[in-house]
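Spelled out, the chains give:
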Amino acid sequence: MTKYIFVIGGVMSGVGKGIATASIARILEDRGFSVTACKIDPYINVDAGTMNPTEHGEVFVTEDGMETDQDIGNYERFLHKNIYKDNYMTTGLVYQTVINRERNLEYNGKCVEVVPHIPEEVISRIERAGKKAKAEFVMIEVGGTVGEYQNLLFLEAGRMMKLRNPGDVMFVLVSYLPVPQKIGEMKTKPTQYAVRALQGAGIQPDMILARSIVPLDKPRKEKISVFCNIAPDCIISAPDVKSIYEVPLNFEKDKLSEQILNKFNLKPKKKADLKWRNFYDKIKKAKKPVKIAITGKYFATGAFTLSDSYISVIEAIRHACANTGVHPKIEWLDAESYEKNPAKLKELKNFDGIIVPGGFGSRGIEGKIKVIKFARENKIPFLGLCYGMQLATIEFARSVCALRGANTTEVDKNTKYPIIDLLPDQVQNIKSHKNLGGSMRLGAYPCELKKGTIVRDAYGQNLIMERHRHRYEFNNDYCDNLANNGLIFSGINPEKNLVEIIELKKNVHPFFVGTQFHPEFKSRPFEPHPLFVEFIKSATHTILNKQLPIRLLSLRGRSPRQSRN
Ligand code: GLN
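Residues numbered from 1 in each chain as written. Predicted model: local features only at pLDDT ≥ 70, side-chain atom pairs only at ≥ 80, totals over all residues. Heavy atoms only, no water.

**Concerning the overall build of the protein**
When you go through the protein residue by residue, the secondary structure sums to 21 helices and 23 strands. The C-alpha radius of gyration computed for the protein amounts to 25 Å, which stays within 12% of the reference 24 Å derived for 565 residues, consistent with globular compactness. Its C-alpha atoms put the protein at 80 × 60 × 45 Å along the principal axes. Relative to its full complement of 565 residues, the protein shows a buried share of 55%. Sequence-distant contacts, at least 24 apart, represent 73% of the contacts inside the protein between residues at least 6 apart. Surface exposure of the protein reaches about 25,300 Å², of which carbon and sulfur atoms provide 52%. (Helix = DSSP H or I, 4+ residues; strand = E, 2+ residues; numbered from the N terminus. Rg over C-alpha atoms; globule rule 2.2 N^0.38 Å. Buried < 20%, exposed > 50% of the residue type's maximum accessible area, 1.4 Å probe, protein only. Contact = heavy atoms within 4.5 Å. Areas by Shrake-Rupley, 256 points an atom, 1.4 Å probe, with all protein chains shown as cover.)

Structure representation (structure tokens):
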């Protein structure tokens, strides 16, 4: 029988429920079980595609083209496997399904009600996800915090599942224990209230993951145990850690897998796998810093800066760095600041590599183009992702091919040189949808790599599959012009002859690559993405070059005499 573990948040949001869910999944998988993980987002949005990244974090795209919450990305990275669209649902999606079914007379004249029909739909989605993944364990992360109105129906689904099969369902509460500075003592009361709120929804948690800045001590463990009605062994200490990749190791210090398996009367199928520990050791050992700039615009929320909008990019950098033996120092640079103050561009010289990630709309675009030009002219390793690739072709068209005013029609509908444009069938698609939702190229598509290019060498194969999320494409009318001026179209989608990757020759620039797809979605701890690895290697090389005495540097390059020959 499949086992179901619900993960619910208490006290406040942002305490790392997603990483906790992914970590439990990882630990169980390391004990020989097949695990999958689902995310429930209590929003009316039917998918995450229309949510603001600064508010909600990155939109993660699955192989089968669903726009989901970033936590699905965490599950993929921790479980090292693809998670498909069945594993993600929002309130909007669940209601939409039930309403469509009602319109199709599928309820045979019954009154369709919020309870039980909405929780029933939730349950059937959870069970379907488990079946499709052939999972022995299904993790279900319920978005939001207990006590909120919005996720009640999802808790109700969990309660109903437990009632039907008490031995197959358990509830984990990820709570937060503050240590107020003035008091200097860890406080358990908010957790007690959270447990009471959960009990009010008919659910007794089986386990508490006690998030705090420091580990939980014995007196507090005992206090939570008595007041929350949970055995002390099932109260797991979850202190802040430097790297999310340490979380599964930390949980196991409190014997988390043993406690979970005990609950279900199961024995581990094998000894804990050491792969994860080895990866974490690599992160810890890598000391040599490599400075990477991410030039984006989805950072600021009021007085705070968030990096969640680019979480997969950041994790892909981390994977590549750990496996290359260097330590990433990542900085966020606000693209708009270069528009207001171009002299600021000089600061880019301090970086070993620059990434221009994906994005939408016109804000910050000219700033990003300036950054790309600087990276190209100053030979700083550059990786452009989706919009970053599109803008790299625009910059090249403007600066190298003298196509002044070249642009994407996303920004300038009347540009003289629409280097990036909508395909005719996309125009049709948008018209027939009457709105923009559903008009994107989403999910995995094939891409053929050209022999003798940086990317072909990096991937080590001719045909790859990568994930997409965009509306606009490179306009093939400009292929010849840009190619004649030195831009290499090194990856092409064979189905529609679309440009997927651009690059510059190695003797012109150490690493200048742009991809129409999002390689960051496929990077995993033990399988870092080849393009990120090459980018980081090249950035590391830049540091080496910086450290070499000038005389040696000139010996390394081609001498003028050689190049004349
Ligand atoms: N805005 C661009 C497009 O829609 C790029 C999208 C992206 O970077 N994900 O084509």
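**Focus on the packing of helix α14 (residues 365-377) against helix α15 (residues 387-399)**
For the pair α14 and α15, the least separation of the axes is 9 Å and the interaxial angle reads 70°. Considering their axes alone, α14 and α15 lie roughly perpendicular with respect to each other. Here α14 contributes I365, E366, K368, I369, I372, K373 and R376 to the contact with α15, which in turn contributes Y387, G388, L391, A392, I394, E395, F396, R398 and S399. Its residues assigned to classes, the contact of α14 with α15 comprises eight nonpolar, two polar and six charged. (Axes fitted to C-alpha atoms, helices over the stretch in contact; angles between N-to-C directions. Parallel < 35°, antiparallel > 145°, perpendicular 65-115°, else oblique. Nonpolar A, V, L, I, M, F, W, Y, C, P; charged D, E, K, R; others polar.)

**A look at the pairing of strand β19 (residues 463-470)**
As a general feature of sheets, a regular strand has side chains that alternate between the two faces. Within β19, six of the eight residues are buried, which leaves the element mostly enclosed by the surrounding structure. Where strand β18 (residues 441-449) meets β19, eight bridges bridge the pair, whose relative direction is antiparallel. Among the inter-strand pairings, C447 is bridged to a residue of β19, identified as I464. (Pairing = 2+ DSSP bridges.)

**Thoughts on the layout of surface pockets**
Within this model, the largest pocket holds a volume of roughly 1,400 Å³. Around the largest pocket sit 50 residues that line it, and G14, V15, G16, Q70 and D308 are the ones nearest its centre. Those elements giving two or more residues to the lining of the largest pocket turn out to be α1 (17-30), β2 (35-41), α2 (53-56), α3 (70-79), β6 (137-145), β9 (235-239), α9 (247-253) and α12 (311-324). Residue composition of the lining of the largest pocket, grouped by class: 19 nonpolar, 17 polar and 14 charged. (1 Å grid on protein atoms, 1.4 Å probe; cavity = no way out; pocket = protein on both sides within 12 Å on 5 of 7 lines; lining within 4 Å. Points joined across faces, edges and corners; volume = space filled by probe spheres on them.)

**Concerning the pattern of salt bridges**
Opposite charge on two side chains makes pairing possible when the charged atoms of those side chains draw close. With the rule as written, the count across this model stands at 40 salt bridges. Among the salt bridges present, the one from E63 reaches K522, with a minimum N-O distance of 3.0 Å. Taken together, the residues span a long stretch of sequence, with E63 in the loop between β3 (59-61) and β4 (67-69) and K522 in the loop between β23 (512-515) and α19 (530-547) at a distance of 459 residues. Overall, E63 belongs to the buried group, its relative accessible area being 17%. Here E500 ties to R441 by a salt bridge, and the two come within 2.9 Å at their closest N and O atoms. A residue pair is termed long-range when its members are at least 10 positions apart, and E500 in strand β22 (residues 498-504) and R441 in strand β18 qualify at 59 residues. Judged by relative accessible area, which is 0%, E500 ranks as buried. Take R441: its relative accessible area is 9%, and that puts it in the buried class. Here the salt bridges do not stand alone but share partners, grouping K39, D41, D69, D71 and E141 into one network. (Salt bridge = Lys/Arg side-chain N within 4 Å of Asp/Glu carboxyl O.)

**Re the sheet that holds β23**
Whenever strands of a sheet pair, they do so through backbone hydrogen bonds, lying parallel or antiparallel. Spatial ordering of the open sheet is given by β13-β10-β14-β15-β23-β22-β21-β18-β19, a layout of nine strands whose pairing is mixed. Strand pairing shows two members of the sheet lacking a second neighbour, β13 (327-334) and β19, which therefore form its edges. Adjacent strand axes in the sheet meet at a mean angle of 25°, parallel and antiparallel pairs treated alike. Those strands touched by α12 are β10 (289-296), β13, β14 (353-356) and β15 (382-385), and its axis lies near 155° from that of β13.

**Overview of the sheet that holds strand β5 (residues 88-90)**
One open sheet accounts for seven strands, arranged β5-β2-β6-β1-β7-β8-β9; its pairing is parallel. Each edge of the open sheet carries a strand with a single partner, namely β5 and β9. Mean inter-strand twist for the sheet, computed between neighbouring axes without regard to direction, equals 20°. Looking at chain direction, β2 and β5 are connected through three bridges and run parallel. Pairing of K39 across the sheet is with Y88, part of β5. Each of β2 and β5 touches helix α4 (residues 91-103); the most contacted strand, β5, lies at about 80° to it. In the packing of helix α7 (residues 189-200) onto the sheet, the strands contacted are β1 (3-9), β7 (169-176) and β8 (207-212), and the crossing angle to β7 comes to about 145°.

**Some remarks on α3**
Of all ten residues in α3, ten are buried, a share of seventy percent or more. By the burial criterion, the buried members of α3 are Q70, D71, I72, G73, N74, Y75, E76, R77, F78 and L79. For α3, the N-terminal capping position is held by D69, with its side-chain oxygen 2.7 Å away from the main-chain nitrogen of D71. (Polar contact = N/O pair within 3.5 Å; in protein donor to acceptor, adjacent residues only side chain to side chain.)

**What about the side chain of T191?**
Within the secondary structure, T191 is located in helix α7. What makes T191 buried here is its relative accessible area of 0%. Residues in contact with T191, not counting those within four places in the same chain, are V11, S175, Y176, L177, I208, I224 and C228.

**Focus on the nonpolar core**
Counting 91 residues, the largest nonpolar core has I24, L209, F251 and I260 as its most contacted members. Each residue touching I24, except ones within four places of it in the same chain, is listed here: V7, M139, V172, L209, F251, L256 and I260. Judged by nonpolar contacts, the second largest core, of 40 residues, contains V371, L403, L482 and F489. (Core = buried A, V, L, I, M, F, W, Y, C linked by side-chain atoms within 4.5 Å.)

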